[in-house]
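Read off the chains here:
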Amino acid sequence: MDAKSVITVNIVTPDGSVYDATTDLVVCKTTVGEIGIMPNHIPTLAALAIDRVRVHKGEEKFDEIAVSGGFMEFSDNTLSIVASAAEKSEDIDTNRAQRAKERAEKRIAQAKESHNVDELKRAEVSLRRAVNRISISSHR
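Summary of the structure given here. (Residues numbered from 1 in each chain as written. Predicted model: local features only at pLDDT ≥ 70, side-chain atom pairs only at ≥ 80, totals over all residues. Heavy atoms only, no water.)

Generally speaking, a soluble globular protein has its nonpolar side chains buried in company with each other. One finds Val-9, Ile-11, Cys-28, Val-53, Met-72, Leu-79 and Ile-81 to be the most contacted residues of the largest nonpolar core, which totals 22 residues. When residues of this core are traced back to their parent elements, those giving at least two are strand 1 (7-13), strand 2 (16-23), strand 3 (26-30), strand 4 (33-37), strand 6 (50-58), strand 7 (61-68), strand 8 (71-75) and strand 9 (78-82). When near neighbours in sequence (up to four residues on either side) are disregarded, Val-53 contacts Ile-11, Val-26, Val-27, Cys-28, Asp-63, Glu-64, Ile-65, Val-67 and Ile-81. (Core = buried A, V, L, I, M, F, W, Y, C linked by side-chain atoms within 4.5 Å. Buried < 20%, exposed > 50% of the residue type's maximum accessible area, 1.4 Å probe, protein only. Helix = DSSP H or I, 4+ residues; strand = E, 2+ residues; numbered from the N terminus. Contact = heavy atoms within 4.5 Å.)

Overall, antiparallel pairing links the 5 strands, which are arranged 4-3-6-7-10 in an open sheet. The open sheet has two edge strands with one neighbour each: strand 4 and strand 10 (86-88). With strand direction ignored, the average angle separating the axes of adjacent strands in the sheet is 20°. As defined by bridge partners, strand 7 adjoins strand 10 across 3 bridges and the pair is classed as antiparallel. Across the sheet, the residue bridging to Val-67 is Ala-86, located in strand 10. (Pairing = 2+ DSSP bridges. Axes fitted to C-alpha atoms, helices over the stretch in contact; angles between N-to-C directions.)

Before going further, it helps to spend a moment on the pairing of strand 1. The alternating pattern of strand 1 places Ile-7, Val-9, Ile-11 and Thr-13 on a buried face, while none of Thr-8, Asn-10 and Val-12, on the opposite face, is buried. Alignment of strand 1 against strand 2, held across 7 bridges, turns out to be antiparallel. Looking at strand 2, one finds that Val-9 is bridged to Ala-21. Remark: 2 residues form the turn of the hairpin made by strand 1 and strand 2, two consecutive strands paired antiparallel. Across 5 bridges, strand 1 lies against strand 9 in parallel orientation. Within strand 9, the residue paired with Val-9 across the bridge is Leu-79.

Shown next as structure tokens:
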């Protein structure tokens, strides 16, 4: 592949680099919908939803990375993703994610009982993150 037909993908968190590769297609879920990025796409900046980033690796194969929100920037065939947390599918501890899901569900029930709107919102975000991680780890 020549330099104009690939995208360099970098995913970073406050803890450092999580993913670095080249590809011809990346699919991300933004806060307003899904976007596919191919080489020479127009420059783009978007907020990311809690979801998966799919990086095409050939034929029907994709690397999947769980991201907990953040943002993506694409320009000059480089896609940079900055997320508060991100994990490659093979690095996800499914049992730990399941325990996080159960804790979040308990927190949601407690927040509803005590009518604590702020805690309810935080617990719902925790639940979405856990469910996202479980979903991605099941695709291995």
